[in-house]
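A look at the structure
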Amino acid sequence: MSDFKHIEHNPKLKQNTFRVPDNYFENLEERLQKIAQEDKKIIPISRPKSFARTWSIAASFALLFAASWYFWPNQATLVETELSTEDVATLSANGFLYNAETYFLENLSLEELDEIVLTENDYSDYLEITQPSAIEDYYLDSDINF
Amino acid sequence: MHKDIVILINSKKFTEAFNLVVKTYNKRLYWHIRRLVVNHDDADDVLQNTFLKVWRALPNFRSDANIYTWLYRIATNESLTFLKKKRQDVNYDDVAFTIEKNLEADVFFDGDEIQLKLQKAIAALPEKQRAVFNLRYFEEMNYREMAEVLETSEGALKASYHHAAKKIEAFFKNH
């Protein structure tokens, strides 16, 4: 018997020697089929997506969008505060927003203030030629002879 | 029967397909699992897990695949996972010893001395080798089908079965 050939071709050894409790197989089929019924309640398989699910996803996206819009820094406000020197000059010349003008003037550098004054009064030519290095160029360009 | 099941799956009649699978294969899969895990209660648990996996995977079943080997693959994997978990609690020798002892005391085991000896020899095999041996010896499955079930090459399965046979032969000599 120790030779495997005797084991391999022994019909007695191939017999099923295990038993099951009484009526086990009678109930088994019904019990196993319940698996599908019970699992359906938890995991729908290949069921068309319900409207409720679709709507809940859509609502989540809408809520996310609304929240991001509400909390996001307002770009329009930022643009308004970043006025160019020309805008400030225009506002100043027209007499608008005295307080705002004062505020911007106080916060501008000297060069920027110069620029505003020049634009407003159109003294640019005069100031340019007051620069020592530019005086000669000015006379040459203007074709003025002494 | 395979054709009927595939038609039902393709028609998305999954409950009907599942019921037909249960009706056709419940006993065969039970016995396959039982030979691997030995204890009836364990086999019953593993069988239920197997059919739960089958139910959930049914919509993804490829109609060109063989349902019989697909079911055996799920059942084998579930059994091996169960045995692996059991092995984590106690070491391998203890598991084999427990199976041997349980067989002797098992009221649901009917075998005589020589049949008990064979079951003890099988219980002493590593789990995957036990699956290979059972599929070939008791189920008389061919190597091509076994390769599909165990996702291993036919050559490796032949070698594995040969090793298992040698171990069983040695067990019979020494006991």
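The shown structure was predicted, so the numbers you read here are calculated from the model rather than taken from an experiment. (Residues numbered from 1 in each chain as written. Chains lettered and ligands numbered in written order. Predicted model: local features only at pLDDT ≥ 70, side-chain atom pairs only at ≥ 80, totals over all residues. Heavy atoms only, no water.)

**Describing the interface of chain B and chain A**
Which entries qualify depends on this criterion: Whether two residues are in contact is decided by their heavy atoms, any of which lying within 4.5 Å being enough. When two parts are brought into contact, each loses some accessible area as probed by a 1.4 Å sphere; the total of that loss over both is the buried area. Should a side-chain nitrogen of Lys or Arg be within 4 Å of a carboxyl oxygen of Asp or Glu, the pair is scored as a salt bridge. Going along the chain from the N terminus, every DSSP run of H or I of four or more residues is numbered as a helix, and every run of E of two or more is numbered as a strand. Amino acid classes used here: Ala, Val, Leu, Ile, Met, Phe, Trp, Tyr, Cys and Pro are nonpolar; Asp, Glu, Lys and Arg are charged; the rest, including Gly, are polar.
Listed by partner, the interface residues are 43 residues for chain B and 31 residues for chain A. A combined buried area of about 3,700 Å² lies between chain B and chain A, and 65% of that area is made up of carbon and sulfur atoms. Where chain B touches chain A, the interface holds 4 salt bridges. As a salt-bridge pair, A:Asp39 and B:Arg56 come within 2.7 Å of each other at their nearest N and O atoms. Those elements giving two or more residues to the side of chain B that touches chain A turn out to be α2 (14-37), α3 (40-57), α6 (113-123), α7 (127-137) and α9 (154-174) of chain B. Here the element with the most residues in the side of chain B that touches chain A is α2(B); it accounts for 12 residues. Looking at the side of chain B that touches chain A residue by residue, the class counts come to 24 nonpolar, 8 polar and 11 charged.

**Here we look at the confidence of the model for chain A**
Put simply, the rule is: Here pLDDT means the predictor's own confidence in every residue, given as a number from 0 to 100.
This prediction gives chain A a mean pLDDT of 70; 48% of its residues lie at or above 70. Mean pLDDT across the elements of chain A bottoms out in helix α9 (residues 124-130) of chain A (49) and peaks in helix α2 (residues 11-14) of chain A (86).

**Here's the deal with α6(B)**
Residues and elements named next belong to chain B. This is how it is decided: Relative accessible area decides the class of each residue, using a 1.4 Å probe on protein chains only: under 20% of the type maximum gives buried, over 50% gives exposed, and in between gives partly exposed. Nitrogen and oxygen atoms within 3.5 Å of one another constitute a polar contact, given that in protein one can donate a hydrogen and the other can accept it, and given that sequence-neighbouring residues count only through two side-chain atoms.
By the criterion of burial, α6 is predominantly enclosed, with 8 of the 11 residues buried. Within α6 the residues assigned to the buried category are Gln115, Leu116, Leu118, Gln119, Lys120, Ala121, Ile122 and Ala123. If you check the start of α6, you find a side-chain oxygen 3.3 Å away from the backbone N of Ile114, and it comes from Asp112.

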